[in-house]
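Structural characterization, general
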Amino acid sequence: MLGALDMFGIGIGPSSSHTIGPMKAALDFVNKLKDQGLLMQLNRIEVHLYGSLALTGEGHGTMLAVLNGLCGEHPKTVDPDTFITRVDQIKQIKQLNLGGVVKIKFDYQQDLLIHKEQFLPKHANGMYFVAYINDKQLFAKHYYSIGGGFIADDDSIDNLSANSANDYVIPYPFKTARELFSLCKTNNMTVAQLVFANELVRKEPSEVRNEALEIINTMRQSVQRGITIEGNLPGGLNVRRRAPGLYKKLNNAQIKDSLHDQRLLAMVFAIGVNEENASFSRIVTAPTNGSAGTIPGVLEYYVRYEENVNDDKLIDFILTCGAIGMLYKFGASISAAEVGCQGEIGVACSMAAAGLTAVLNGSLIQVDKAAEIAMEHSLGMTCDPIGGLVQIPCIERNGVAASRAIDIAKLALLENEEGKVSLDDVIKTMMQTGRDMSMHYKETSLGGLAVNVVNC
Ligand code: SF4
């Protein structure tokens, strides 16, 4: 069962689909080898990357992620400082510490195979892991990184929504915005109260609160690091980290009192988080890594500049954001390889606008409206990262989305009547638009800014 807090994962940059997903897939493969007692028998592992993972994997750290996963590391707990050095060592000594327990030979050039021309039929982000003893195949498995750090295999990818609903019987099941808001209305609950009640099927109330606060604290820490750490981003584009300088300028100018200035600061908070993300640092997928700055930017704005903020309100904010994210996961996609940047920063903007509206005492209609407006005006947003790096346009786009989410919440709060376009209408439209979009604009770096901006 997918819960509201599952829309957030504490992990490592720079990409949920190209870093976190592949790392989890590699770790899952190793765990399956362990479970079957094969770990001590095999002496070679082969990894195949297909489609979008092959085309932009280098810039997104996919190869680093896969090798860290094979070494038994998890995105939530891996030390960001060892993420790159571990792989440097593997390349150098041609040896890999599988699952952290058994050393096997691994030749980076021969055992990690990149298939740029080939897309697996079930998803654009395909992987194939094979374990051998000498030349005999012991075990092999396909994985798909389906966005937001979620992974699937050949069985589960055909049955995604069924799996998400059937594992537990929850008191308030929903798949669409209409179902979610009708349930809230009938039961006189806020969105946050409803998804909190659903989480209680598998967790204690204190666990739900602690998990939500851990997500919030990790987001706020990433903002703090983002506005502090200076220097250039890795990857070769020579992109300078701008957030610390921008933050200093805005703070020195003492212009924090108007909404305009506060929105500017929210942009800087979001930019700072995505600069952290691009630096392989600790962030929260929200709902993806590429869009990791939007919700923290709005969250930090809320904490600093709105009144009566407390832990309960912060938990309401994050649960409401999560509930809206679930609607996109159920009804469309949060994978840029499937629907472009609509599914990443478009969804993050929709989640953040709804969350902020809720904690500013918005009605159900206003929360629904805020989520809808944010996606209606993100439709068609393409994914065309320069050099396959989650830097340009990704970093600044999070800043713009954070500022828009604040404006949209304020706009939604001015009226309390349903509009002509429903949230379900835009979710459906987003998915159709994504299907119609050329693959050049779906995380392949084969079109848009990725080809028009000269990368010296
Ligand atoms: S352009 Fe958007 S979808 Fe593409 S990598 Fe950047 S943030 Fe992700």
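Residues numbered from 1 in each chain as written. Predicted model: local features only at pLDDT ≥ 70, side-chain atom pairs only at ≥ 80, totals over all residues. Heavy atoms only, no water.

Here the focus is empty space enclosed by the protein. Inspection of the entire model under this criterion finds two cavities of 30 Å³ or more. Roughly 170 Å³ of internal volume is contained in the largest cavity. Around the largest cavity sit 19 residues that line it, and C341, E344, C383, V390 and C394 are the ones nearest its centre. Viewed by domain, the lining of the largest cavity spans two of them, domain 1 (13-160) and domain 2 (165-452), each represented by three or more residues. (1 Å grid on protein atoms, 1.4 Å probe; cavity = no way out; pocket = protein on both sides within 12 Å on 5 of 7 lines; lining within 4 Å. Points joined across faces, edges and corners; volume = space filled by probe spheres on them. Domains from an automatic or database assignment.)

Turning to the site of the ligand, a few remarks are in order. Taken together, the neighbourhood of the ligand is formed by G290, A336, C341, E344, I345, C383, P385, C394 and R397. A majority-of-atoms criterion places the ligand in the largest cavity. Residues that form the shell around the ligand fall into these classes: six nonpolar, one polar and two charged. (Near = heavy atom within 4 Å. Sits in = over half its atoms within 2 Å of the grid points. Nonpolar A, V, L, I, M, F, W, Y, C, P; charged D, E, K, R; others polar.)

Bringing the pairing of strand β3 (residues 95-98) into the picture now. A regular strand carries its side chains on alternate faces of the sheet. Across the two faces of β3 the burial differs, with L96 and L98 buried and Q95 and N97 not buried at all. As paired strands, β3 and strand β4 (residues 102-105) are joined by four bridges and run antiparallel to one another. If you follow Q95 over to β4, its bridge partner there is K105. The turn joining β3 and β4, which pair antiparallel and follow one another in sequence, is formed by three residues; a positive phi near 60° is taken by G99. (Buried < 20%, exposed > 50% of the residue type's maximum accessible area, 1.4 Å probe, protein only. Helix = DSSP H or I, 4+ residues; strand = E, 2+ residues; numbered from the N terminus. Pairing = 2+ DSSP bridges.)

Right, let's get into the sheet that holds strand β2 (residues 44-50). Spatial ordering of the open sheet is given by β5-β2-β6-β7-β8, a layout of five strands whose pairing is mixed. Only two strands of the sheet have a single partner each, and these edge strands are β5 (112-115) and β8 (150-152). Sheet twist, expressed as the average angle between the axes of neighbouring strands with direction ignored, equals 25°. On top of the sheet, helix α1 (residues 16-35) reaches β2, β6 (126-133), β7 (136-147) and β8; it is set at about 150° to β7, its chief contact. (Axes fitted to C-alpha atoms, helices over the stretch in contact; angles between N-to-C directions. Contact = heavy atoms within 4.5 Å.)

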